[in-house]
Amino acid sequence: MKLLAKYNRVNILVTILIFLLGNVAFYCMLRFILMRQLDKTLHGEEQEIEGYVQQHRQLPDIQNTKEQWITIQQTNYPPAKPFIKSSLQFNEHKQEDEWIRQLIFPLAIEAKSYTITVSKSQMETEDMIQIIIALTISMIGLILLANYIVNRKVISRTWMSFYATIASIKTYRASSKQPLQLPKDKVDEFSILNTGLNEMTARIHHDYSTLKTFTENAAHEMQTPVAVIRSKIDVLLQNNLWDEKSAEQLLGIEQSINKLAKLHQSLLLLARLENRQFVTNEEIRFDKILEDKIAEKTDLLHSKEIELYKDIKETVLLFHPHLAEILVNNLLSNVIRYTPKGGRINVELSPGFFSVSNTAVNGALDENKIFQRFYKRSENAEGTGLGLAIVNEICSIAGFPIQYRYHDKLHQFTIQFSNENKL
Amino acid sequence: MKILIIEDELSLNTSITQYLSSAYVCESVYTYKDALDKIDRYDYDCIVLDIMLPDGSGLKLLEYLKADRKTDGVIIVSAKDSLDDKLHGLKLGADDYLTKPFHLSELSMRVEAIIRRRNMNGHSTIIAGNLVMEMHEKSAVINGKSLELTQKEFQLLLYFAVNKNKVLSKNAIAQHLWGDDMDFAENYDFIYTHIKNIRRKMMQAGGEDCIRSLYGMGYKLQVK
């Protein structure tokens, strides 16, 4: 829920409640005042009649109107004292039912007792109350509406800079060339936020580029000694005086240096992938790359007696040709490496997805670990332990979700091609 | 054939010079300044160029060479293996680009290819003893008899022929044939199979068995 919506919800609820309570109180008070007014008029009538009777010793002539009328009744049991009541009665003057306020009081002229009823229609009072209430309610409505519009327009505009800040943070990468530079805002809170974020990203940026430079330099510095060792081995090999023992030693050195070179190359590639130094906007025929890579691996597949089933449909993607090659190669190499002799590999490619599955030996793999760096399924595994980490990184750059699944004694890796990359 | 090796790392420069000296006349320099001096004064068939020199960029040297209309072939050897650097180097007129670390036999192969492209005017034969390899037709002839080789076998034999009398480690061979991508021990079995086949075919054609195996380290093509 948005802050504004949450605030509005509470705000409007409270406002309506207060207005309702106020309205009820207002109604009660208004009614009380108007009724007292009405009763005063009735009492005034009573005093007028009593005054007339005291002076003239006879009943006055009664002038009845639509709104007010007086009935006089001779009775042996007059009420003990005057009282007032309201009741729904038939008004003969108007020919309809309506609320009528009545003052009933006793009157004695000489020996005769009378009950006198002064009646007055409540209609006017009710009408007035209704109008006033209606007015108040429409006022409340207007105030709420005005509030709503003001909130929407003004507050939305105020929050716009907040959303702009959020949008900048979302697209910010530590690897981007510049730290965030968010503008000052009229609203103090947003200004504080922006300044804080600017400082934070500047720090991150600085730390990141220091680390990056270090990694790059370290990698390049390492490359030269590796190159020297390899060249020295090549020269040493030409020496004619080898005996079997030292040849074995040299072979060990060579294999290690090869592993080191490979490891180093993979780490450099990972660093470059993380720096987002590749742009995936080239049109490539993924199916061709896949076919080529499969052809390259034919020897290997034959020697391991692996059966490869493929279902490859023409697939054109927006990608990076070099990355696509690495992706396919790493995935295939990995799968071939862990397929037992005489096992089976299925390769499926369509414009929507790319999937590779192979015979599993020891049950499901740990989904959370297989894409981690230096995770090896067994201690004596030959790879660098970086192959799948690189695959994962490439997928994340291209925006292709990659998934591992274990079913029917098969390891299955599936890469979904996102819509933007389809053509 | 004259080759100039421009590489600031003394050890590497020595190794390259030592290795290539058996086939070419090699001169080596370690700095930008010396390199410029040599380029100005002499012509070379091929220049092995390191991009990162202490007193200047190898790419500048390359630009200078091309601006001066020198016909020297150039192969860049660099610690940088990013695609951009590679494309940039080739765009500036380099003939090839090799990323460190590399096998000397691979460098020798590339240098040979550059020289062949530049000097032979389309002629492209490689001769190693009785063996004659024709690049265009991808044919190999021994003692006048042609060999029926598969594509991989031809590639492998060519590698041996260019690096004749040199021991090639199994790893160098594997990298040459299958690229960096493959790093399985299984590769070594393929190499053994391919070499066995080549030997058999050469002997069937009446040639002598001139591929030697050296204590599991590697193989070499021995010719007089």
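In this text the structure is predicted, and so the values were computed from the model without any measurement.

Novice: For this particular structure, what's the right way to read the overall build of chain A?
Specialist: Scanning chain A from terminus to terminus reveals eight helices and eleven strands. Among the 423 residues that make up chain A, the fraction classed as buried is 18%. Sequence-distant contacts, at least 24 apart, represent 67% of the contacts inside chain A between residues at least 6 apart.

Novice: Can you help me understand the overall build of chain B in this one?
Specialist: Counting its secondary structure elements, chain B contains eight helices and 14 strands. Counting all 224 residues of chain B, 41% fall into the buried class. A separation of at least 24 residues holds for 56% of the contacts in chain B among residues at least 6 apart in sequence.

Novice: Explain the pairing of strand β6 (residues 73-78) of chain B here, please?
Specialist: All names here are of chain B. Within β6, six of the six residues are buried, which leaves the element mostly enclosed by the surrounding structure. Here β6 shows two buried faces, one formed by G73, I75 and V77 and the other by V74, I76 and S78. Bridge count between strand β3 (residues 46-50) and β6: five bridges; the pairing is parallel. Among the inter-strand pairings, I47 is bridged to a residue of β6, identified as V74.

Novice: What is the right way to read unusual backbone geometry from this model?
Specialist: In terms of backbone geometry, most residues other than glycine have negative phi values and most peptide bonds are trans. Note the cis peptide between K100 of chain B and P101 of chain B, where omega equals -5 degrees. A positive phi angle is found at R57 of chain A, which is not glycine, with a value near 55 degrees. For R57 of chain A, the position within the fold is in the loop between α1 (3-56) and β1 (68-74). One non-glycine residue, N165 of chain B, lies in positive phi territory at about 65 degrees. Topologically, N165 of chain B is positioned in the loop between α6 (151-162) and β12 (168-169).

Novice: Where do I start with the nonpolar core in this structure?
Specialist: Proteins that are soluble and globular tend to have nonpolar side chains buried together. Counting residues in hydrophobic clusters, the biggest one holds 36 residues, and the most contacted among them are F286, A324, L327, L331 and I394 of chain A. Only α4 (244-274), α5 (286-296), β7 (316-319), α7 (321-337), β8 (344-350), β9 (353-359) and α8 (387-398) of chain A provide two or more residues apiece to this core. Sort the elements by how many residues they give to this core and α7 of chain A lands first, with nine residues. Those residues in contact with A324 of chain A that sit more than four places away from it in its chain are I284, F286, I289 and F319 of chain A. Core analysis: the second largest hydrophobic core is formed by 34 residues, A35, Y97, F102 and L107 of chain B among them.

Novice: In this structure, what is going on with the sheet that holds strand β3 (residues 96-109) of chain A? I would like to understand it.
Specialist: Where strands meet in a sheet, backbone hydrogen bonds hold them as pairs that are either parallel or antiparallel. All names here are of chain A. Judged by pairing direction, the sheet is antiparallel, and its four strands sit side by side in the order β1-β4-β3-β2 without closing on themselves. Where the open sheet ends on each side, the last strands, each with one partner, are β1 and β2 (83-91). Strand-to-strand twist across the sheet, computed as the mean angle between neighbouring axes with direction ignored, equals 30 degrees. Examined bridge by bridge, β3 and strand β4 (residues 112-121) share ten bridges and lie antiparallel to one another. Bridged to I109 within β4 is K112.

Novice: I keep staring at the pairing of strand β10 (residues 402-407) of chain A and nothing clicks. Help me out?
Specialist: Along any regular strand, the residues point their side chains to alternate faces of the sheet. Residue and element names in this part refer to chain A. Bridge analysis of β10 against strand β11 (residues 410-416) gives six bridges, and the strand direction is antiparallel. Across the sheet, the residue bridging to Y406 is H411, located in β11. Between β10 and β11, which pair antiparallel in sequence order, lie two residues; one of them, D408, sits at a positive phi of approximately 50 degrees.

Novice: What's the story with the packing of α6 of chain B against helix α7 (residues 170-178) of chain B in this structure? I'm lost.
Specialist: The angle between the axes and the distance between the axes are what describe a pair of packed helices. All names here are of chain B. Their axes nearest at 10 Å, the elements α6 and α7 cross at an angle of 130 degrees. Regarding the angle of α6 to α7, the classification is oblique. Both α6 and α7 take part in a crossing whose hand is right-handed. Residues K152, Q155, L156 and Y159 of α6 touch α7, and the partners they reach there are I173, H176 and L177. Here the contact of α6 with α7 is built from residues that sort into four nonpolar, two polar and one charged.

Novice: Looking at this model, I keep getting lost on the packing of helix α3 (residues 188-237) of chain A against helix α1 (residues 10-20) of chain B. Mind explaining?
Specialist: Packing of α3 of chain A against α1 of chain B leaves a shortest axis separation of 9 Å and a crossing angle of 30 degrees. On the basis of their axis angle, the class for α3 of chain A and α1 of chain B is roughly parallel. Crossing of α3 of chain A against α1 of chain B: the hand is left-handed. Residue-level contacts link A227, V228, S231, K232, D234 and V235 of chain A of α3 of chain A to S11, L12, S15, I16, Q18 and Y19 of chain B of α1 of chain B. Classifying every residue of the contact of α3 of chain A with α1 of chain B gives six nonpolar, four polar and two charged.

Novice: Would you mind showing me how to read the confidence of the model for chain B here?
Specialist: Any residue range with low pLDDT should be treated as having predicted coordinates unsuitable for detailed reading. Across chain B, the average pLDDT comes to 86, with 93% of residues at or above 70. Both scores are available for the predicted complex, with the pTM at 0.66 and the ipTM at 0.87.

Novice: Looking at this model, I keep getting lost on the interface of chain B and chain A. Mind explaining?
Specialist: A common way to state how big an interface is: give the accessible area lost once the parts meet. At the interface, 32 residues of chain B touch 32 residues of chain A. Contributing elements (two or more residues each) for the side of chain B that touches chain A: α1, α5 (104-119), α7 and α8 (186-204) of chain B. Sort the elements by how many residues they give to the side of chain B that touches chain A and α1 of chain B lands first, with six residues. Of the residues in the side of chain B that touches chain A, the class split is 15 nonpolar, ten polar and seven charged.

Novice: Which parts of the structure should I look at to understand the environment of P78 of chain A?
Specialist: All names here are of chain A. With respect to the secondary-structure elements, P78 resides in the loop between β1 and β2. For P78, a count of 18 C-beta atoms within 10 Å gives the class partly exposed. Note: C-alpha distance between P78 and Y114 (36 residues apart in sequence) is 6.4 Å. With residues up to four places along the chain from it excluded, the contact list for P78 reads P106, S113, Y114 and T115.

Novice: Can you walk me through the environment of T165 of chain A in this structure?
Specialist: Residues and elements named next belong to chain A. Considering the arrangement of structural elements, one finds T165 in helix α2 (residues 123-171). Accessibility expressed as a C-beta count within 10 Å gives 18 for T165, which makes it partly exposed. Setting aside anything within four residues of it in sequence, one finds T165 in contact with L182, L193, N194 and L197.

Novice: Any chance you could explain the sheet that holds strand β11 (residues 145-147) of chain B here in plain terms?
Specialist: All names here are of chain B. The four strands are arranged β8-β9-β10-β11 in an open sheet whose pairing can be described as antiparallel. Looking along the sheet, the strands with just one partner apiece sit at the ends: β8 (125-128) and β11. Strand after strand, the sheet turns through a mean of 25 degrees between neighbouring axes, direction not considered. One ladder, built from four bridges, connects strand β9 (residues 131-134) with strand β10 (residues 139-142); its direction is antiparallel. The residue of β10 that forms the bridge with E134 is S139.

Novice: Can you walk me through α7 of chain A in this structure?
Specialist: An α-helical segment advances 3.6 residues per turn. Residues three or four places apart therefore align on the same side. The first and last C-alpha atoms of α7 of chain A sit 24 Å apart over 17 residues, in line with the 24 Å expected at 1.5 Å per residue. Along α7 of chain A, the residues that are buried comprise L323, A324, I326, L327, V328, N329, N330, L331, L332, N334, V335 and I336 of chain A.

Novice: How should I be thinking about the environment of L251 of chain A in this particular structure?
Specialist: Topologically, L251 of chain A is positioned in helix α4. Taking the C-beta count within 10 Å as the criterion, L251 of chain A has 19 such neighbours and is therefore assigned partly exposed. Through-space distance from the C-alpha of L251 of chain A to that of I233 of chain A is 9.0 Å; in sequence the pair is 18 residues apart. Sequence-distant contacts of L251 of chain A, that is, excluding residues within four places in its chain, are made with G216 and M217 of chain B.

Conventions and cut-offs
Residues numbered from 1 in each chain as written. Chains lettered and ligands numbered in written order. Predicted model: local features only at pLDDT ≥ 70, side-chain atom pairs only at ≥ 80, totals over all residues. Helix = DSSP H or I, 4+ residues; strand = E, 2+ residues; numbered from the N terminus. Buried ≥ 20, exposed ≤ 12 C-beta atoms within 10 Å, placed from the backbone. Contact = placed C-beta atoms within 7 Å. Pairing = 2+ DSSP bridges. Core = buried A, V, L, I, M, F, W, Y, C linked by C-beta atoms within 7 Å. Axes fitted to C-alpha atoms, helices over the stretch in contact; angles between N-to-C directions. Parallel < 35°, antiparallel > 145°, perpendicular 65-115°, else oblique. Left-handed = near helix turned anticlockwise from the far one by under 90°. Nonpolar A, V, L, I, M, F, W, Y, C, P; charged D, E, K, R; others polar. pLDDT = per-residue confidence, 0-100. Expected span 1.5 Å × (residues − 1).

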